[in-house]
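Fold and contact review
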Amino acid sequence: MNGGALTPRALLLALAVVMVWGSNFAVIGATLHSLPPLLFACLRFAAVVFPLIFFVRRPAVSWGILAGYGIAIGVGQFGLLFIAINGYIAAGIASLLVQSQVIFTIGMAMMTSGERLKPLQIAALTLALCGVAVIVGHTGGEVTVTGIALVLGAAFGWSLGNMAQRATGKVDMLGFITWSSLFAVPPLAGLALWFEGWPAIETALWATTPSIWLAVAWQAVGNTLFGYGAWGWLLARYPATSVAPTSLLVPVFGMASTAVWLGEPLPPWKLLAAALIIGGLAVNLLATRQPARRTS
C-alpha cells in the first residue's frame, strides 16, 4: 500500500468517481418516478452481471468476500438508498447524508488494520458530524426520520463494502465488481417480489421507456463498473483515511444536479450542512499531507 497522501493522478481519479456518483442522484430521483426502488436496484445489478459474467474471469478472491461485497453494496447500500429517496428524503440531501460512510469506514479501518487518526482528522470528522446534525435538526418536508435512518443504513452498507474491497488487495476490479454483483441480484429480486409485489413490477416493466433503460444502463456502467471499480482500486493502494473522505465531494455534485434537474430547493440550512461536511473534507486532505511523526 502507498503512503498516506493520494498522488495527483489518484486524486483526479477519485474526483472523477465522486462527480459521477454525485450527479447520479438526480438520475435516481427521476427514475424512481417510474420504477419501484427495489426493482430499480435489482435491474441495476442485473445489468452489471449480464452479459459480462460470461466473458470476465472470476477474480482470485474467496466466494465469501464476493458475496459479502455484493450484498453490502447491492442490498445494504442501494436497496436502502433507493427506498429512502422514494418519498422519505430528498435526493440531494441523501447525497449529503450518505457520506457518513466516511465515519463508518474510518472507524472500521482503525479497528481492523491499525490505522490511526491524526488530530486534524479528528477535527475533520467533527465538522462532518456537525453537518449531519444540521440535517437531523431539519426533519419534516424533504427529510423524515425514516429517511435519515434508511440513508444511515445505506452508508453503513457502503462502509462494509469498502472493507470487503480492501480485503481483496490488488485484483482485477472489473471481474470483482461483475462477480460480486451476482450476489446482489437474487436478494434484491426476492425483496422486490415480497415488498413491491409482482403486479407493480409487471406494470413498471411494461411501462418502461428508452430513457428508463438508459438510466439503468448508466447505473450499471457509469456508477457501478467505473465508479466502484476505480474506488476499489484506490482503496487497495491507499489508506482508507485518505480515500474515503474524498467522497464528501459527492454532495456538491448531488445537490447541484438535483437542484437543476429535479428543482429541489437549496435553503440556507442545506448549504450550511454541505459547508460543514465539505469543510471536513478539506481539513482531512490537509491532515493526510502532513508527514507522520517518528517515534524513537
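Quantities reported herein were computed from a predicted structural model and do not represent experimental measurements.

Okay, the side chain of Gln165 next. Among the secondary structure elements, Gln165 is positioned in helix H7 (residues 145-168). Separated by 3.4 Å, the side chains of Gln165 and Tyr69 make a polar contact. Not counting the four nearest positions on each side in its chain, Gln165 is found in contact with Tyr69, Met173, Phe176, Ile177, Tyr228, Trp231, Gly232 and Leu235.

What follows concerns the packing of aromatic side chains. Scanning the entire structure with this criterion turns up 14 aromatic pairs. For the pair Trp21 and Tyr228, a centre-to-centre distance of 4.6 Å together with 40° between the ring planes defines the contact as tilted. Of the two residues, Trp21 sits in helix H1 (residues 8-31) while Tyr228 sits in helix H11 (residues 210-235), which places them 207 residues apart along the sequence. By relative accessible area, which is 5% here, Trp21 ends up buried. Plain terms: the ring middles of Trp63 and Trp179 are 6.0 Å apart, the flat faces sit at 70° to each other, and that makes the pair edge-to-face. Linking Trp63 in helix H3 (residues 63-85) with Trp179 in helix H8 (residues 173-181), this pair joins segments that are 116 residues apart in sequence. Looking at Trp63, the relative accessible area reads 43%, which means it is partly exposed. Taking relative accessible area as the criterion, Trp179 reaches 16% and is therefore assigned buried. One aromatic cluster in this structure is built from Trp21, Phe40, Phe45, Phe78, Phe82, Trp158, Tyr228 and Trp231. Its end group placed over the ring of Phe78, Arg44 keeps NZ or CZ at 3.7 Å from the ring centre.

Between its first and last C-alpha atoms H3 spans 31 Å; for 23 residues at 1.5 Å apiece the expected length is 33 Å, and the two agree. Largest kink in H3: about 25°, centred on Phe78. Of the residues one or two after H3, Gly87 is the one with positive phi, at around 110°.

The N-to-C vectors of helix H2 (residues 37-49) and H3 enclose an angle of 140°; their axes lie 8 Å apart at closest approach. One finds that H2 runs oblique with respect to H3. For the pair H2 and H3, the crossing hand works out as right-handed. Between H2 and H3, the residues in contact are Pro37, Leu38, Phe40, Ala41, Arg44 and Phe45 and Ile73, Gly74, Phe78, Gly79, Phe82 and Ile83, respectively. Classifying every residue of the contact of H2 with H3 by side-chain character gives 9 nonpolar, 2 polar and 1 charged.

This paragraph deals with a nonpolar patch on the surface. Side chains of Phe50, Phe54 and Phe55 sit close together on the surface and give an oily, nonpolar patch of about 420 Å² of accessible area. One can find Phe55 in the loop between H2 and H3. With a relative accessible area of 68%, Phe55 lands in the exposed category.

Helix packing geometry: the angle between the two helix axes and the distance between the axes. In contact at an axis separation of 9 Å, H7 and H11 are set at 60° when each is read in the N-to-C sense. Between H7 and H11, the interaxial angle falls into the category oblique. Regarding H7 and H11, the two cross each other, and that crossing is right-handed. For the pair H7 and H11, the contacting residues are Trp158, Asn162, Gln165 and Arg166 in the first and Tyr228, Trp231, Gly232 and Leu235 in the second. When the residues that make up the contact of H7 with H11 are grouped by side-chain class, the tally is 4 nonpolar, 3 polar and 1 charged.

Turning our eyes to something else, we now look at the side chain of Thr168. Within the secondary structure layout, Thr168 lies in helix H7. In terms of polar contacts, Thr168 uses its side chain to reach the backbone carbonyl oxygen of Gln165, at 2.6 Å. Those residues in contact with Thr168 that sit more than four places away from it in its chain are Val61, Ile65 and Phe176.

Turning to its location among the elements, Leu266 is positioned in the loop between helix H13 (250-261) and helix H14 (268-288). Along the primary structure Leu266 and Ala256 are separated by 10 residues, whereas in three dimensions their C-alpha atoms are 8.8 Å apart. Apart from residues no more than four positions distant in its own chain, Leu266 is found in contact with Met255, Ala259 and Leu271.

Right, let's get into unusual backbone geometry. Between Phe50 and Pro51 the backbone carries a cis peptide bond, its omega angle lying at 10°. Relative to the helices and strands, Pro51 resides in the loop between H2 and H3.

Turning our eyes to something else, we now look at the confidence of the model for the protein chain. Looking at the protein chain, the pLDDT average stands at 87 and 95% of residues meet or exceed 70. Mean pLDDT in the protein chain bottoms out at helix H12 (residues 240-243), which sits at 76, and peaks at helix H9 (residues 185-195), which reaches 97.

What counts and what doesn't
- Residues numbered from 1 in each chain as written.
- Predicted model: local features only at pLDDT ≥ 70, side-chain atom pairs only at ≥ 80, totals over all residues.
- Heavy atoms only, no water.
- Helix = DSSP H or I, 4+ residues; strand = E, 2+ residues; numbered from the N terminus.
- Polar contact = N/O pair within 3.5 Å; in protein donor to acceptor, adjacent residues only side chain to side chain.
- Contact = heavy atoms within 4.5 Å.
- Phe/Tyr/Trp six-rings, centres within 6.5 Å; stacked < 30°, edge-to-face > 60°.
- Buried < 20%, exposed > 50% of the residue type's maximum accessible area, 1.4 Å probe, protein only.
- Lys NZ or Arg CZ within 6 Å of the ring centre and 35° of its normal.
- Expected span 1.5 Å × (residues − 1).
- Bend = angle between axes of the 7 residues up to and from the residue.
- Axes fitted to C-alpha atoms, helices over the stretch in contact; angles between N-to-C directions.
- Parallel < 35°, antiparallel > 145°, perpendicular 65-115°, else oblique.
- Left-handed = near helix turned anticlockwise from the far one by under 90°.
- Nonpolar A, V, L, I, M, F, W, Y, C, P; charged D, E, K, R; others polar.
- Patch = residues over 30% accessible without salt bridge, like charges linked within 9 Å, V, L, I, M, F, W, Y side chains within 5 Å.
- Areas by Shrake-Rupley, 256 points an atom, 1.4 Å probe, with all protein chains shown as cover.
- Salt bridge = Lys/Arg side-chain N within 4 Å of Asp/Glu carboxyl O.
- pLDDT = per-residue confidence, 0-100.

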